[in-house]
Amino acid sequence: MQKTLENTHDATPGKKPFARKDSLAKRVREVLLSFGGEAHRTLVIEQVARSLGHDVRQIPEELQVALIGSFEEYWRDERKRAAFGFHLPFGEGSHRWGVRPEPAYLH
């Protein structure tokens, strides 16, 4: 029997599927808020991985790439940035991520 897309969820038991980008962005936002609005991306990635049930000593590279990509996509898109409040406190190239407590559209 050939595996189809519907069966891929049980193709690799023990592996947790990665959430969609908007879901990852929400998790990043929650973690940043729990850290007071700013944190190094390594700490954010570790905390999100922990919340997804991963061992933080062996975070899958795919998850790290997905989280970084999600933050960058939402930070670079003006509308998404306003909705999520993402910013880089020390400017582009910095690995310190930040979030404003209230999204701009709420003002």
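Note: the structure precedes this text.
None of these values were measured; they are calculated from a predicted model.

Visitor: What exactly am I supposed to notice about the nonpolar core here?
Guide: Generally speaking, nonpolar side chains in soluble globular proteins are found buried as a group. Membership of the largest hydrophobic core comes to 23 residues, with the highest contact counts inside it found for Val28, Leu32, Val44, Phe71, Phe86 and Trp97. Broken down by secondary-structure element, the contributors of at least two residues to this core are helix H1 (21-34), helix H2 (41-51), helix H3 (61-76) and strand S3 (96-99). For this core, the leading source of residues is H3, giving six residues. Beyond its immediate sequence surroundings of up to four residues, Val28 is in contact with Val44, Val48, Leu67, Phe71, Phe86 and Trp97.

Visitor: It is not clear to me how the pattern of salt bridges should be interpreted in this structure. Could you clarify?
Guide: Where charged atoms of side chains with opposite charge meet at close range, the side chains can pair. For the structure on display, the rule yields four salt bridges. Linking Glu38 and Arg96 is a salt bridge whose minimum nitrogen-to-oxygen distance equals 3.1 Å. Here Arg96 lies in strand S3 and Glu38 lies in strand S1 (residues 38-40), a separation of 58 residues in the sequence. For the salt bridge of Arg57 with Asp55, the shortest nitrogen-to-oxygen distance reads 2.9 Å. Judged by its relative accessible area of 73%, Arg57 falls in the exposed class.

Visitor: Quick question: what am I supposed to make of the packing of aromatic side chains here?
Guide: For any pair of aromatic rings, the description consists of the separation of the ring centres together with the inter-plane angle of the planes. Within this structure, the stated rule accounts for four aromatic pairs. Ring centres of Phe71 and Trp97 lie 4.2 Å apart, and the angle between their planes is 5°; on these two criteria the pair is classed as stacked. One end of the pair, Phe71, is in helix H3; the other, Trp97, is in strand S3, with 26 residues separating them in the sequence. Here Tyr74 and Phe84 contribute two aromatic rings whose centre-to-centre distance is 4.7 Å and whose plane-to-plane angle is 80°, an arrangement assigned as edge-to-face. Residue Tyr74 is found in helix H3, and its partner Phe84 is found in helix H4 (residues 78-84); the two are separated by 10 residues along the sequence. Each member of the pair, Tyr74 together with Phe84, is buried. Just above the ring of Tyr74 sits the side chain of Lys80; from NZ or CZ to the centre is 4.8 Å.

Here is what the cut-offs are and how they apply
Residues numbered from 1 in each chain as written. Predicted model: local features only at pLDDT ≥ 70, side-chain atom pairs only at ≥ 80, totals over all residues. Heavy atoms only, no water. Core = buried A, V, L, I, M, F, W, Y, C linked by side-chain atoms within 4.5 Å. Buried < 20%, exposed > 50% of the residue type's maximum accessible area, 1.4 Å probe, protein only. Helix = DSSP H or I, 4+ residues; strand = E, 2+ residues; numbered from the N terminus. Contact = heavy atoms within 4.5 Å. Salt bridge = Lys/Arg side-chain N within 4 Å of Asp/Glu carboxyl O. Phe/Tyr/Trp six-rings, centres within 6.5 Å; stacked < 30°, edge-to-face > 60°. Lys NZ or Arg CZ within 6 Å of the ring centre and 35° of its normal.

Nothing here speaks to function; it is all geometry.
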